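Structural overview for review
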Number of protein chains: 2
Amino acid sequence: MASEDHGGTHAGAPGAPGEPDKDAVRAVLAAARAEGRTALTAPEGKLLADAYGIPVPQEGLAESADEAVALADRIGFPVVMKIVSPDILHKTDAGGVVVGVASAAEARGAFTSIVGNARTYAPEARVHGVQVQQMAPPGTEVLIGTVTDPTFGKVVAFGLGGVLVEVLKDVTFRLAPASEEEALSMLDGIRAADVLKGVRGGEAVDRAALAGLVSRVSRLADDFPEIAEIDLNPVFASAGGAVAADIRVLLTTEAPVERPRHTKAEILTAMRRLMQPRSVTVIGASNEPGKIGNSVMRNLIDGGFPGEIHPVNPKADDILGRKAYKSVQDVPGEVDVAVFAIPAKFVAAALEEAGRKGIPNAVLIPSGFAETGEHALQEEIVEIGRRHGIRLLGPNIYGYYSPWQDLCATFCTPYDVKGGVALTSQSGGIGMAILGFARTTRTGVSAIVGLGNKSDIDEDDLLTYFADDPHTECIAMHLEDLKDGRAFVDAARETVKKKPVVVLKAGRTSAGAKAAGSHTGALAGDDAVYDDILRQAGVIRAPGLNEMLEYARALPVLPAPQGDNTVIITGAGGSGVLLSDAIVDNGMSLMEIPPDLDEAFRRFIPPFGAAGNPVDITGGEPPSTYEATIRLGLEDPRIHSLVLGYWHTIVTPPMVFAELTARVVAEAREKGIHKPVVASLAGDTEVEEACAYLFEHGVVAYPYTTEKPVAVLGAKYRWARAAGLL
Amino acid sequence: MASEDHGGTHAGAPGAPGEPDKDAVRAVLAAARAEGRTALTAPEGKLLADAYGIPVPQEGLAESADEAVALADRIGFPVVMKIVSPDILHKTDAGGVVVGVASAAEARGAFTSIVGNARTYAPEARVHGVQVQQMAPPGTEVLIGTVTDPTFGKVVAFGLGGVLVEVLKDVTFRLAPASEEEALSMLDGIRAADVLKGVRGGEAVDRAALAGLVSRVSRLADDFPEIAEIDLNPVFASAGGAVAADIRVLLTTEAPVERPRHTKAEILTAMRRLMQPRSVTVIGASNEPGKIGNSVMRNLIDGGFPGEIHPVNPKADDILGRKAYKSVQDVPGEVDVAVFAIPAKFVAAALEEAGRKGIPNAVLIPSGFAETGEHALQEEIVEIGRRHGIRLLGPNIYGYYSPWQDLCATFCTPYDVKGGVALTSQSGGIGMAILGFARTTRTGVSAIVGLGNKSDIDEDDLLTYFADDPHTECIAMHLEDLKDGRAFVDAARETVKKKPVVVLKAGRTSAGAKAAGSHTGALAGDDAVYDDILRQAGVIRAPGLNEMLEYARALPVLPAPQGDNTVIITGAGGSGVLLSDAIVDNGMSLMEIPPDLDEAFRRFIPPFGAAGNPVDITGGEPPSTYEATIRLGLEDPRIHSLVLGYWHTIVTPPMVFAELTARVVAEAREKGIHKPVVASLAGDTEVEEACAYLFEHGVVAYPYTTEKPVAVLGAKYRWARAAGLL
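As the structure is a prediction and not an experimental result, all values here were calculated from the model. (Residues numbered from 1 in each chain as written. Chains lettered and ligands numbered in written order. Predicted model: local features only at pLDDT ≥ 70, side-chain atom pairs only at ≥ 80, totals over all residues. Heavy atoms only, no water.)

1. Quick notes on the sheet that holds strand β12 (residues 279-283) of chain A
All names here are of chain A. Operational definition: Between any two strands, at least two bridges found by DSSP are needed for them to pair. The secondary structure listing takes helices from DSSP runs of H or I that are at least 4 residues long and strands from runs of E that are at least 2 residues long, numbered from the N terminus. Lines are fitted to the C-alpha atoms to define the axes, a helix being fitted only along its stretch in contact, and any angle between axes, read from their N-to-C directions, falls within 0 to 180 degrees. Should any heavy atoms of two residues lie within 4.5 Å, those residues are considered in contact.
A sheet is described by the order of its strands in space; here 5 strands give the open sequence β13-β12-β16-β17-β18, paired in parallel fashion. This sheet does not close on itself; its edge strands, each paired only once, are β13 (308-312) and β18 (391-393). Averaged over neighbouring strand pairs, the angle between their axes works out to 20 degrees when direction is ignored. Pairing analysis gives 4 bridges linking β12 to strand β16 (residues 337-340), with the strands arranged parallel. From the neighbouring strand, V282 faces β16, where its bridge partner is V339. Contacts between helix α9 (residues 292-302) and the sheet are confined to β12, β13 and β16, with β12 contributing the most and set at about 160 degrees to the helix.

Shown next as structure tokens:
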């Protein structure tokens with residue numbers, strides 16, 4: 001009688017596995033837990049594989065030629081057949097192994113010859129039968145695994161096996177569970193992706209089978225919190241499917257930490273009262289210049305906040321002309337926000353009072369909490385906040401700005417340029433850089449918020465609000481860590497459908513992470529997880545501070561592109577070359593110009609100018625040439641975005657170029673044509689004024705750089721793709 | 001009797017090969033040429049391999065067991081032995097192959113059994129004997145090859161075999177011939193370099209043997225111009241050496257194009273007269289505003305050029321108050337430079353006259369030559385120049401500036417900030433960007449030169465001059481191609497010993513190269529050759545236009561670092577994290593601070609501040625904390641460079657920080673301490689003024705970015721390494 005070790009219906013049919021058998025897994029895990037083990041045995045691993053349709057080589061014992069044929073038939077040809085005898089150690093020497101058995105007839109013959117050879121080789125040996133084992137097709141070795149990331153929880157990894165993973169770290173990550181579609185994107189997410197498509201005469205792998213396998217492995221990890229790691233290495237992927245040679249499973253005894261979560265409605269209610277308050281109280285308001293409580297009061301007043309401002313100071317009757325109260329409980333009426341400008345040690349008591357007053361938001365400016373090692377103090381205020389239902393911003397922050405409310409609840413200088421970008425920073429220094437940059441570039445802002453220690457309110461709360469806020473058109477966030485990566489991804493996915501989210505993740509490198517004090521900083525690949533998962537969430541990752549600031553400033557200026565066809569129109573051939581480089585660097589491609597459009601451009605440019613793409617109108621051309629070619633670029637519906645290269649000449653001075661470009665773009669918008677237009681201006685210092693003018697008129701323009709305008713356009717394209725607009 | 005196909009003394013002893021046998025190669029190449037072949041046969045390839053000590057598997061025919069033993073002994077064990085019979089096709093079936101023959105006894109036994117088996121298998125077969133062949137050790141597959149690059153000539157390539165080369169293009173290039181030391185640097189120059197050091201339990205390869213092989217292959221290619229390509233793929237590299245499985249050689253019938261070269265003395269004489277002229281004539285000088293000949297005259301006069309300025313115009317007596325001449329031949333005295341401001345079609349005749357007048361330099365502003373397809377016109381002027389010994393700058397340029405001579409020989413606006421950076425650009429648009437950037441940042445300049453079509457004078461002529469020019473401290477060049485890559489590399493190597501050379505190579509991507517009209521643009525890996533060889537030449541490659549301009553502005557400000565120990569001192573923890581990321585991104589590393597130094601820093605900072613590296617002095621500290629920590633960083637001899645992170649607070653406003661930093665740096669310089677110091681200023685707009693002040697006082701400082709100051713420091717480090725200072 002044939003006995004099969006693993007005869008699961010899933011294995012061998014990766015295309016359409018049934019529902020996973022969770023009970024089978026539960027039983028295996030319970031048994032391991034009962035024995036206090038944190039690693040599964042190989043047979044236990046195979047049980048999990050079978051339960052989740054993870055193909056592993058099947059095998060069984062045949063005691064007769066008929067059984068061998070039946071078994072091989074069920075497993076699928078080709079198979080390997082091997083003598084099973086406790087007395088024969090060197091099976092090959094005994095003529096006891098036949099590989100590549102490809103048909104029923106061959107299986108029957110192999111059984112007979114293997115048993116016959118064994119009897120000849122060792123007449124006394126006990127023969128139990130012949131093992132029939134599925135042959136893994138040669139295929140490409142890949143790695144599939146899951147880990148438990150401290151920020152994002154269960155994460156699935158995919159890469160090519162061997163040197164590519166181990167030396168080049170060519171691995172990609174997604175949140176578990178990953179759908180088959182997400183898993184397919186992982187196959188394209190590694191640098192060596194072409195290997196899977198077949199190179200050097202190799203066959204392409206069965207992508208659906210491989211993606212299905214990745215997806216099922218991720219689901220197994222997600223279904224069972226106690227699974228810490230799964231490692232399938234190698235998996236043999238081929239045109240015929242994907243089979244894991246081996247499955248290794250590690251368990252954890254730690255219960256996952258659940259962070260308290262608020263509903264979207266709760267978040268919106270609290271954040272609206274924070275960002276659009278009617279009444280603000282300042283705890284620790286002061287008349288003494290240089291004190292934080294004085295700066296905050298002055299900024300609230302000088303910033304022009306039209307709501308109520310109530311200073312609290314037990315030793316003063318009056319602060320900057322406003323009646324002061326001894327305690328926050330004495331403040332009249334409903335209060336939306338309490339700004340704390342008192343030393344750390346007094347915060348808990350004041351927060352209690354604010355709680356009793358029913359104030360829903362506390363803005364905790366003081367430092368001296370977790371960032372200086374005072375973890376207990378921070379835990380105390382978190383507990384008070386939770387008990388009273390107060391949301392906490394900070395501690396250890398500069399405060400926040402809500403320009404559309406004329407609200408500057410901060411000890412920095414006021415800022416009043418209203419606009420579409422919301423910025424947050426985890427660090428105060430970066431907050432000051434945001435403020436200075438915004439002021440010097442006159443960037444229109446909907447919010448600037450310091451997050452500091454993030455004891456409570458964090459990026460996902462603010463994202464939820466900004467997504468909903470009609471003033472906000474783009475969100476840019478500096479962060480060093482995420483308290484709850486899953487909540488961030490959820491909020492980001494929702495937001496990205498409506499508006500771009502830019503993230504500057506500090507601590508990318510291990511040195512940076514060490515400086516950030518990250519627990520996972522030392523782990524190689526830590527940033528790789530962030531990078532892949534932020535991309536999966538549709539976030540635009542800024543490579544550095546200046547890029548974050550420039551994207552924040554420029555993205556709201558540009559309309560969304562409606563297609564991939566980018567055209568460069570340039571007066572300087574040299575700029576055209578550099579702009580072309582930048583377009584490729586930023587993941588875009590130059591439109592192949594069709595002959596009729598080429599002909600149309602040629603009508604406007606000198607005979608020695610170059611049509612094609614870049615359209616090189618040549619230096620020394622009058623304004624009419626720029627105007628005609630830009631208009632053509634805007635009006636031809638096959639073109640989706642324009643990159644302009646301007647060359648300063650006496651014939652077309654900078655402001656002439658700026659005005660004509662702004663006018664042609666405005667005319668197109670009148671006609672309902674909204675295309676992103678960016679410009680690089682090469683010239684003497686007058687180009688700076690021209691760039692400022694262009695920016696104000698909806699064209700993203702920079703002097704002395706061919707890279708920046710294209711990088712901004714590239715960021716807009718990345719968002720448009722993530723938002724499903726392309 | 002044993003006959004050996006290849007018994008060269010080189011093979012098998014790669015450590016110490018003798019001098020190559022050029023005559024043997026010459027004979028093979030002559031024979032191939034005589035037959036009109038452009039590819040060598042496998043046996044011919046092996047002859048070349050033997051002549052240059054390139055190990056290939058050795059083999060020979062043994063007619064007796066004694067001969068087999070002797071042959072195997074000479075080749076070295078293990079060997080493979082195979083029946084040689086024209087009548088036996090399936091050697092394995094005939095029992096005619098034994099692999100892994102490891103000793104004399106085994107070789108004797110194998111000979112007997114192979115011949116015996118053959119006689120049993122096919123009694124009638126003619127048996128010639130047994131082939132004894134060297135067994136390649138398993139090892140790592142690598143690729144070694146040479147190609148003939150249109151810019152750089154013979155170039156040697158090295159990479160790992162298989163997927164890594166074909167899919168990931170993980171290949172590195174050097175000029176041929178490459179020394180063994182250069183070849184060793186190639187082993188570290190690939191991304192997968194760790195594979196050669198042994199991973200996954202694999203053995204490290206014999207690096208000396210592998211580098212020796214790369215070097216000898218490069219020498220073979222270099223010694224014989226008619227060799228177009230050599231391809232050794234795969235080479236098996238192991239702890240025991242490196243053996244090429246196969247050598248493929250392609251020949252060319254094209255004679256290499258030799259560009260005319262001048263001696264260094266000739267170049268310096270001509271360039272000195274160009275850059276430091278006493279007398280300049282303007283051919284096509286004009287009184288009419290808007291004409292190029294008018295702009296050039298005005299700029300020469302307004303720029304304050306103290307030498308003679310002679311306008312030439314057949315129709316005027318007087319141009320801008322200077323006596324005009326009908327012809328350049330009428331101009332009195334010796335003339336160093338003739339600036340041409342006349343249409344292209346008149347240039348040849350005027351150049352003839354300039355030649356007869358003995359003028360050594362012609363600055364050809366007009367366009368309408370090769371760049372518009374008028375190749376014949378360009379060739380005509382090149383021929384005239386060569387005949388008269390006139391060096392030609394251009395055509396198709398904006399002219400040039402030599403600020404230390406108060407010389408503005410250009411139709412653009414004058415520029416007068418004297419300083420240490422020499423800039424060149426191939427494109428006029430980029431030249432205008434240089435001018436505008438320099439003016440807005442008040443960059444001190446020693447030269448700005450337009451190169452345009454580079455019909456004669458090119459980057460290597462100017463590099464030779466700038467290397468020698470005492471005013472020039474740094475050179476920055478925008479280029480789209482190099483007319484003579486070898487001459488550039490030679491000049492760059494000489495220059496880099498004295499001062500940094502920054503190159504912006506436009507057309508990096510295939511789209512960019514296509515826009516540049518490069519013939520090689522379509523070839524993948526074209527930029528990889530440029531990238532590796534520019535690095536080999538010690539050049540700092542700027543990734544974009546803005547970086548080139550910033551490096552040019554900032555590198556002369558910084559002293560050279562004298563060691564690798566970089567320390568961050570920051571008031572903003574958030575900046576510290578981003579600065580740490582930037583340090584890793586730019587190929588530097590944070591110093592591990594020894595305990596006594598850590599203790600010394602701690603004495604100045606609050607107890608909750610973080611020593612270590614970054615030294616986080618925390619926000620809100622007074623000027624004295626910045627001052628004490630910066631002074632310590634400068635005075636401790638173990639620290640070699642400082643990166644400062646400033647956070648704008650009321651306690652230490654931006655200009656206070658700038659002044660104290662400048663003072664502490666100046667005091668250190670008084671004491672002979674010269675260390676590079678860069679700073680990132682995060683704050684409100686006053687930080688812009690503070691950065692300008694710091695720049696003027698020898699500290700490279702930028703607002704609103706943590707990346708730029710570190711990128712500049714990284715560029716300075718790259719130069720210091722290339723110049724052999726570290």
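2. What to know about the side chain of A:N294
Residue and element names in this part refer to chain A. As a reminder of what qualifies: For each residue, the accessible area found with a 1.4 Å probe, counting protein chains only, is set against the maximum for its type, and the residue is called buried under 20%, exposed over 50%, and partly exposed in between. Counting of polar contacts relies on pairs of N or O atoms within 3.5 Å, with two restrictions inside protein: one atom must be capable of donating a hydrogen and the other of accepting it, and residues adjacent in sequence are counted only when both atoms are side-chain atoms.
Its location among the elements puts N294 in helix α9. The class for N294 is buried, based on a relative accessible area of 2%. A polar contact of 3.5 Å, which involves the side chain of N294, links it to the backbone oxygen of N287. The residues touching N294, leaving out its near neighbours within four places in the chain, are S286, N287, E288, P289 and L320.

3. Description of the environment of B:E688
As for its position among the elements, B:E688 is in helix α23 (residues 686-696). Note: C-alpha distance between B:E688 and B:W647 (41 residues apart in sequence) is 13 Å. If sequence neighbours within four positions are ignored, B:E688 has contacts with A:T440, B:P703 and B:Y704.

4. What to know about the interface of chain B and chain A
Short version of the rule: Buried area is understood as the total, over both parts, of accessible area removed when two parts are fitted together, assessed with a 1.4 Å probe. Criterion for a salt bridge: a side-chain nitrogen of Lys or Arg within 4 Å of a carboxyl oxygen of Asp or Glu. In the scheme used here, Gly and all other residues not listed as nonpolar or charged are polar, with Ala, Val, Leu, Ile, Met, Phe, Trp, Tyr, Cys and Pro taken as nonpolar and Asp, Glu, Lys and Arg as charged.
Listed per partner, the contact involves 72 residues of chain B and 72 residues of chain A. For the chain B and chain A pair, buried surface summed over both sides reaches about 5400 Å², with 66% attributable to carbon and sulfur atoms. Inspection of the region where chain B meets chain A yields 2 salt bridges. Of the charged contacts in the structure, one is a salt bridge between B:R439 and A:D684, with a shortest N-O distance of 2.8 Å. Summed over the shared surface of chain B and chain A, the result is 17 residue pairs in polar contact (both at pLDDT 80 or more). Going through the elements one at a time, α5 (163-166), α7 (193-196), α13 (428-441), β24 (501-505), α16 (510-515), α18 (545-554) and α19 (573-585) of chain B are the ones with two or more residues in the side of chain B that touches chain A. When its residues are assigned to classes, the side of chain B that touches chain A shows 31 nonpolar, 25 polar and 16 charged.

5. What to know about the relation of the copies chain B and chain A
What relates the pair of chain copies is a rotation about an axis plus a shift along that axis. Note the threshold: The copies are overlaid by a least-squares fit using only the C-alpha atoms of residues whose pLDDT is at least 70 in both copies.
Of the transformation placing chain B onto chain A, the axial shift is 0.0 Å and the rotation is 180 degrees, giving an RMSD of 0.3 Å. Both copies are brought into coincidence by an operation consistent with a two-fold rotation axis. Interface residue correspondence from chain B to chain A reaches 100%, placing this contact among same-surface, isologous pairings.

6. Describing the pattern of salt bridges
Oppositely charged side chains may form a pair once their charged atoms are brought near each other. All names here are of chain A. Scanning all chains against the criterion turns up 90 salt bridges over all chains. The shortest N-O distance in the salt bridge between D317 and K326 comes to 3.8 Å. The class for D317 is exposed, based on a relative accessible area of 63%. Residue class for K326 comes out partly exposed when judged on its relative accessible area of 45%. Put simply, E550 and K708 hold a salt bridge, and the shortest N to O gap is 3.4 Å. Taken together, the positions of E550 in helix α17 (residues 545-554) and K708 in helix α23 (residues 707-722) put the pair 158 residues apart, joining distant regions of the chain. In this structure K708 comes out as partly exposed when scored by relative accessible area, which is 24%. Put simply, D527, D531, D532, R535 and R541 are held in one network by salt bridges that share partners.

7. Quick word on the domain arrangement of chain A
Residues and elements named next belong to chain A. Definition in use: Domain segmentation is taken from an automatic or database assignment of domains.
Structurally, chain A comprises domain 1 (4-35 + 44-134), domain 2 (140-251), domain 3 (262-397), domain 4 (415-556) and domain 5 (565-722). Taken together, the contact pairs 13 residues of domain 4 with 11 residues of domain 5. Counting across the domain 4 and domain 5 interface gives 1 salt bridge. Remark: the boundary between domain 4 and domain 5 carries 5 residue pairs in polar contact (both at pLDDT 80 or more). Put simply, the parts of the chain that give the side of domain 4 that touches domain 5 at least two residues each are β25 (540-541) and α17. Ranked by residues supplied to the side of domain 4 that touches domain 5, first place goes to α17 with 5 residues. Of the residues in the side of domain 4 that touches domain 5, the class split is 6 nonpolar, 2 polar and 5 charged.

8. What about the packing of helix α13 (residues 459-468) of chain A against helix α14 (residues 485-496) of chain A?
Residue and element names in this part refer to chain A. To keep it simple, the criterion reads: Angular relationships are summarised with four words: roughly parallel below 35 degrees, roughly antiparallel beyond 145, roughly perpendicular across 65 to 115, and oblique for the angles in between. Helix crossings are classified by the rotation of the near helix relative to the far one: an anticlockwise turn of less than a right angle makes the crossing left-handed, while a clockwise turn makes it right-handed.
At a minimum axis separation of 9 Å, α13 and α14 run at an interaxial angle of 15 degrees. In terms of orientation, α13 lies roughly parallel with respect to α14. In the crossing of α13 with α14, the sense of the turn from one axis to the other is left-handed. On α14, the residues touching E459, D460, L463, T464 and A467 of α13 are A487, F488, A491, A492 and T495.

9. Topic: the packing of aromatic side chains
Centre-to-centre distance and the angle between the planes together describe a pair of aromatic rings. Residue and element names in this part refer to chain A. Put simply, the rule is: Pairing of aromatic rings covers Phe, Tyr and Trp, the last counted by its six-membered ring, and requires centre-to-centre distances within 6.5 Å; plane angles under 30 degrees mean stacked, over 60 mean edge-to-face, and any other angle means tilted. Note on geometry: a ring has a charge over it if NZ (lysine) or CZ (arginine) is within 6 Å of the ring centre and within 35 degrees of the ring normal.
Enumeration over the complete set of coordinates arrives at 16 aromatic pairs over all chains. Judged by centre distance (4.6 Å) and plane angle (20 degrees), the rings of Y646 and F657 are stacked. On the criterion of sequence distance, the pair formed by Y646 in strand β28 (residues 641-647) and F657 in helix α21 (residues 654-670) is long-range, its members being 11 residues apart. The same class applies to Y646 as to F657, namely buried. The structure contains a cluster of three or more aromatic residues connected by ring pairs, namely Y626, Y646 and F657. Between R553 and the ring centre of F695, over which it is positioned, the NZ or CZ distance is 3.6 Å.

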